[in-house]
Structure formats: C-alpha cells, structure tokens
Amino acid sequence: KGLIRRHEFVRIIIQCLYSLGYSSSASCLESESGISYKSNEVKLLESLILNGSWDESIDYLNSIKDELGETRESALFLVFRQCVMEYLNCGEYALALGVLRKQVSALDAGKCKVHSFAKCLLSFKDRELGAVDGGDVVVHDLRKKLLADLEKLFPPPVSVPEGRLEHLVESTVMSWVDSCMYHSSSSPISLYEDHHCSRDQIPTTTTQVSWQGIEFHV
C-alpha cells in the first residue's frame, strides 16, 4: 500500500537474520538486494576503529554530528575511552593523559562519568590489553565490542535499532490481543493469520469459587 519504504523493510530483515545466526542468508540477501544493514557511516567508522585510527575516528564523528544528534557526546566518550586504554597499554602515558585532559574532560558526559573513568585508569597496571598472550586478539575483540556499543547508541537511520523486526511483530501481536474482545488464552499466537477469538471461546464452566470478602452471619 506504499506505507513503508522497501529499503528500510529489507534492511531490518537482514539485521534480523544476522541476529538469529543466519549469517549466510543475511549476506546473500545483502548481495542480492544491494542493501546493507550497516549504513555507510557505520562502515567507515568500523574501518577506522578496527585500524586504530583514533584521530580520524574522532574527526569523522564530529563531521556527522547532525546525523548523530545528542548521541555524539556519548559516542565520543566511548571512543576516547578505548583510545586512552590502548595508549596506556603501549606505554604512551603522555598521549593518554593528553586525551583525558583535553578531550574527555571537555565532553558533556557528566563529571561523575569522567572521574570514574580517570579512577579506573589509575588502577590500570598488570592487566593491560596486551599484557597477556594473544594481546592483539584481545585488542581486536575490544574494538569490535566498541563498535557494537556504538551501533546500539546511534539513532536511525545511521544504525538500525536492535531487534527492530521482532519489536514490530510483537507490537502487532499485542495490538491483536488488546483489540480481541474475547481473548482469554495465554498460548503463543500464530503469525500466519490475524488473531481473533470467537465468542464460543468464552469460559462457560465454573472451575473455582472465591469466598473472599463474603461475610456469613449465623
């Protein structure tokens, strides 16, 4: 009926397939449709962060501030945090302190949040990112986690809200239930057809009698 955009519809289907573990099917749909569930903004930022290009990552976040809106400050804080942790791990204490003083403290991220971050850095000793075997793997995993956190933070259409298709389907099902005059079942509802309970499904047999609130006089 022209009420939804085809691009958005396909995009949330692809996201749903990835979240359900059907990566091959999701990738195939991306290729066939020419639509990616990741926006160009997220793709570019992903490349920069995975390569550890922190200055470029910060500059890019600032360049798309209109798209990010109020989430930009929080996004910058997450990136600065990972950047500082990696600087400390490499022994670049001056660089880490410079970012903390000039960049993080200038953000409108809340004093408590910044102070908590600084306190965490002071206790950062033998458990650094690369202080164990497979340090590069750990760093890569932490950068991937950072990207996942950013995706959850970014507004649409920069990022698709997590579980969007599931939310839409469940909202529809709840709407069916709310508008069903004779609904009395707690069983899962089929998605194959619009739900409605017929009048003959109303309970007609007494199964329990409650005497609460009734007074007896002898």
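One can find the structure itself at the top, above this paragraph.
This write-up is about the structure you can find in this document. Note that the coordinates shown come from a computational prediction; the quantities given were computed from them, not determined experimentally.

**Re the overall build of the chain**
Part 1 of the reasoning: Along its length, the chain carries ten helices and zero strands.
Part 2 of the reasoning: Along its sequence from the N terminus, the chain presents helices and strands in the succession α-α-α-α-α-α-α-α-α-α.
Part 3 of the reasoning: Within the chain, contacts between residues at least 6 apart in sequence are counted, and of these 54% link residues at least 24 apart.
Part 4 of the reasoning: About 15,400 Å² of surface is accessible on the chain, with carbon and sulfur atoms providing 52% of the total.

**Regarding the packing of aromatic side chains**
Part 1 of the reasoning: The tally for this structure, following the rule as stated, stands at one aromatic pair.
Part 2 of the reasoning: A ring pair is formed by Tyr18 and Tyr37, whose centres lie 5.3 Å apart and whose planes are at 45°; its orientation type is tilted. In this pair, Tyr18 sits in helix H1 (residues 6–19) while Tyr37 sits in the loop between helix H2 (23–33) and helix H3 (40–50), placing the two residues 19 residues apart along the sequence.

**Focus on the packing of H1 against helix H10 (residues 164–179)**
Part 1 of the reasoning: Interaxial distance between H1 and H10 falls to 8 Å at its minimum, and their mutual angle equals 105°. Judged by the inter-axis angle, H1 sits roughly perpendicular to H10. Between H1, through Ile12, Ile13, Gln15, Cys16 and Ser19, and H10, the contact on the second element is made entirely by Arg164, Leu165, Glu166 and Leu168.
Part 2 of the reasoning: Partitioned by chemical class, the residues of the contact of H1 with H10 number five nonpolar, two polar and two charged.

**With respect to the pattern of salt bridges**
When charged atoms on two side chains of opposite charge get close, those side chains can pair.
Part 1 of the reasoning: Within this structure, the stated rule accounts for five salt bridges.
Part 2 of the reasoning: In this structure, the salt-bridge partner of Lys38 is Glu46, at a minimum N-O distance of 2.7 Å.
Part 3 of the reasoning: With a relative accessible area of 18%, Lys38 lands in the buried category.

**Some remarks on the side chain of Thr71**
Part 1 of the reasoning: Note on placement: Thr71 falls in the loop between helix H5 (65–68) and helix H6 (72–89).
Part 2 of the reasoning: Here Leu68 takes part through its backbone oxygen, which lies 2.6 Å from a polar atom of the side chain of Thr71.
Part 3 of the reasoning: Those residues in contact with Thr71, other than ones at most four positions away along the chain, are Leu153, Phe154 and Pro155.

Calculation rules
- Residues numbered from 1 in each chain as written.
- Predicted model: local features only at pLDDT ≥ 70, side-chain atom pairs only at ≥ 80, totals over all residues.
- Heavy atoms only, no water.
- Helix = DSSP H or I, 4+ residues; strand = E, 2+ residues; numbered from the N terminus.
- Contact = heavy atoms within 4.5 Å.
- Areas by Shrake-Rupley, 256 points an atom, 1.4 Å probe, with all protein chains shown as cover.
- Phe/Tyr/Trp six-rings, centres within 6.5 Å; stacked < 30°, edge-to-face > 60°.
- Axes fitted to C-alpha atoms, helices over the stretch in contact; angles between N-to-C directions.
- Parallel < 35°, antiparallel > 145°, perpendicular 65-115°, else oblique.
- Nonpolar A, V, L, I, M, F, W, Y, C, P; charged D, E, K, R; others polar.
- Salt bridge = Lys/Arg side-chain N within 4 Å of Asp/Glu carboxyl O.
- Buried < 20%, exposed > 50% of the residue type's maximum accessible area, 1.4 Å probe, protein only.
- Polar contact = N/O pair within 3.5 Å; in protein donor to acceptor, adjacent residues only side chain to side chain.

Interpretation in functional terms is not warranted from these geometric data alone.
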